[in-house]
Amino acid sequence: MTLWGGRFKGELDRQAWALNASLSFDQRLAQQDVRGSLAWARALQQARVLSAEECSQICTGLEAVAQEFRQGIFVFQPADEDIHTAVERRLGELIGPAAGKLHTGRSRNDQVATDFRLWLLDAVPGVQAALADLQGALLERAEQDFGMVMPGYTHLQRAQPILLSHWWLAHFWALQRDRDRLGELADRAATLPLGSGALAGAPFAVDRQVLAQELGFARISPNSLDAVADRDFAAEFLFFAALHGVHLSRLAEGVVLFSTAEFGFIELSDAYSTGSSLMPQKKNPDVFELARGKAGTLVGLLTGLLATLKGLPSAYDKDLQEDKQPVFAAHDTLLALLPVLGGALRSLAVRPDRMSAGLDAAMLATDLADYLVRAGVPFRHSHQVAGQAVRLAAEKQQPLDALSLDEFRSLHPAFGPDVYQVFDPQHSAARRDVPGGTAPEAVRAQIVQAKTALG
Ligand code: ARG
């Protein structure tokens, strides 16, 4: 019943069989397995291992198998150890003994490595699209909320006024790097292992370049031992997912924080909030908390696979069967999360009054120092003076802009009546007009740049 029964007299223990079997999860590779087999059958015919008649029988049979999978009518049998076994078993039922020639020169080792890469390459566009849509939501927010000024924080302490659009776009660019990374890892994943056999290479003259072309790979692997063991593509995808998760988590934490009563900059829509079974007043940002939480799970999936790969001797080891579930899980997690975050961002309400209320005059202390710089005072000194002004105002329990001109002058003679113009947050933001700065002009340019990046 197994693909490897010949040398065995006894049967595999029932529980050992269950442990060994991977069908429950690798059936997701069904279409890729059939595609790989179709290409392999044609390569065998070109290598004169299969006659034209046998090849056409096998291909017709494989098409029928693929059709059964597509229609959801493929019936797995209890003896199907993995997807490769199931496809070959069904092919045999459909076309008879010719099916037994398909596996010539091939091993499940190069087969599964090929199937899994094909699966990833098929999956990447869907993830890219979901990611791009979330970037689109951030960009829409940046445009919609353009001009609103909020407190910017470092160390979570009030720092300098920034545009809310600038804050949204900060997260846009992190996601842009994620999407770039995904494209780059997909390019590297497009290396064909098929033709590597179990470990030493196929003993028939299959044309691997043609195989690569037919299956949409950019190149063939240069070493059969490496080819059957290389799971860099899976680890890279998991790193992408983990870092992307970290980026989503940081965005989520910002939203969670800003939607508290204490900040109140943001109110989530009902469609993306949940309540408490006990406290009637609660409106909880579960969606963003889940984004934050799932980042931890994604990091775990990456470290899990890296630990599996570490210390494997060269060529295939059964440990490698552990590679698929984390990749599927990371993929499914992202596809579940991304559209919900996009919807939640698009539907939330911003409270400009609450953001303005968070802007106190002390946040313009840097601008006060810069005022003196423009009068020729060295920044090191003007920083000192502005600090003294902050201390004086704090001692008087007054806002910084409530100090009198005499008081400012007592700290430095270069202060003039126009010092009070410093205390305009809009003005402060507008001064920061370097490319990448928070000035409206610079942010407008950034929006154009983001649109181009989004394509
Ligand atoms: N189910 C196996 C996996 O996922 C397929 C390869 C099995 N190869 C072997 N030599 N037993 O890795």
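From a predicted model like this one, the values you see are computed outputs, not experimental measurements. (Residues numbered from 1 in each chain as written. Predicted model: local features only at pLDDT ≥ 70, side-chain atom pairs only at ≥ 80, totals over all residues. Heavy atoms only, no water.)

(A) Geometry of the packing of helix 3 (residues 30-46) against helix 8 (residues 208-215). Closest axis-to-axis distance for the helix 3/helix 8 pair is 10 Å, and the angle between their directions is 150°. Classified by the angle between their axes, helix 3 and helix 8 sit roughly antiparallel to one another. Crossing geometry of helix 3 relative to helix 8 is assigned as right-handed. Mapping the contact onto sequence places R35, G36, A39, W40, R42, A43 and Q46 in helix 3 and V210, L211, E214 and L215 in helix 8. Across the contact of helix 3 with helix 8, the residue classes tally to six nonpolar, two polar and three charged. (Axes fitted to C-alpha atoms, helices over the stretch in contact; angles between N-to-C directions. Helix = DSSP H or I, 4+ residues; strand = E, 2+ residues; numbered from the N terminus. Parallel < 35°, antiparallel > 145°, perpendicular 65-115°, else oblique. Left-handed = near helix turned anticlockwise from the far one by under 90°. Contact = heavy atoms within 4.5 Å. Nonpolar A, V, L, I, M, F, W, Y, C, P; charged D, E, K, R; others polar.)

(B) Seen up close, the side chain of H166. Take H166: it is sitting in helix 7 (residues 164-189). Among all residues touching H166, those that are not within four sequence positions of it are G436, G437, T438, V443 and Q446.

(C) View of unusual backbone geometry. With a phi angle near 55°, H155 is a residue other than glycine that sits in the positive phi range. By secondary structure assignment, the location of H155 is in the loop between strand 1 (149-154) and strand 2 (157-163). A relative accessible area of 74% places H155 in the exposed class. Within the chain, A315 stands out as a residue other than glycine whose phi angle is a positive 75°. With respect to the helices and strands, A315 occurs in the loop between helix 11 (286-309) and helix 12 (324-347). Judged by relative accessible area, which is 8%, A315 ranks as buried. (Buried < 20%, exposed > 50% of the residue type's maximum accessible area, 1.4 Å probe, protein only.)

(D) Main features of the site of the ligand. Neighbouring residues of the ligand: S22, D26, D82, H84, R108, N109, V112, Y316, K318, Q321 and K324. Within the side chain of S22, an N or O atom sits 3.0 Å from a nitrogen atom of the ligand. The contact in question runs from an oxygen atom of the ligand to an N or O atom on the side chain of K324, over 2.6 Å. For the shell around the ligand, the element with the highest residue contribution is helix 6 (residues 108-144), accounting for three residues. Residues of the shell around the ligand, tallied by class, amount to two nonpolar, four polar and five charged. (Near = heavy atom within 4 Å. Polar contact = N/O pair within 3.5 Å; in protein donor to acceptor, adjacent residues only side chain to side chain.)

(E) Region of interest: the packing of helix 3 against helix 6. Viewed as axis vectors pointing N to C, helix 3 and helix 6 meet at an angle of 120°, and their least axial separation amounts to 9 Å. Relative to helix 6, helix 3 is oriented oblique. Crossing of helix 3 against helix 6: the hand is right-handed. In this structure, helix 3 uses Q32, D33, R35, G36 and S37 to contact helix 6, whose residues at the interface are Q111, D115, L118, W119 and D122. The residue inventory of the contact of helix 3 with helix 6, partitioned by class, reads two nonpolar, four polar and four charged.

(F) Focus on the pattern of salt bridges. Inspection of every chain in the model, using the stated rule, returns 28 salt bridges. Between E214 and R42 there is a salt bridge, with its nearest N and O atoms 2.5 Å apart. With a gap of 172 residues between them, E214 in helix 8 and R42 in helix 3 connect regions that are remote in the sequence. One connected set of salt bridges, linked through shared partners, spans E68, D80, R89, R90 and E93. (Salt bridge = Lys/Arg side-chain N within 4 Å of Asp/Glu carboxyl O.)

Honestly, that's just the spatial picture; any functional story needs more than this.
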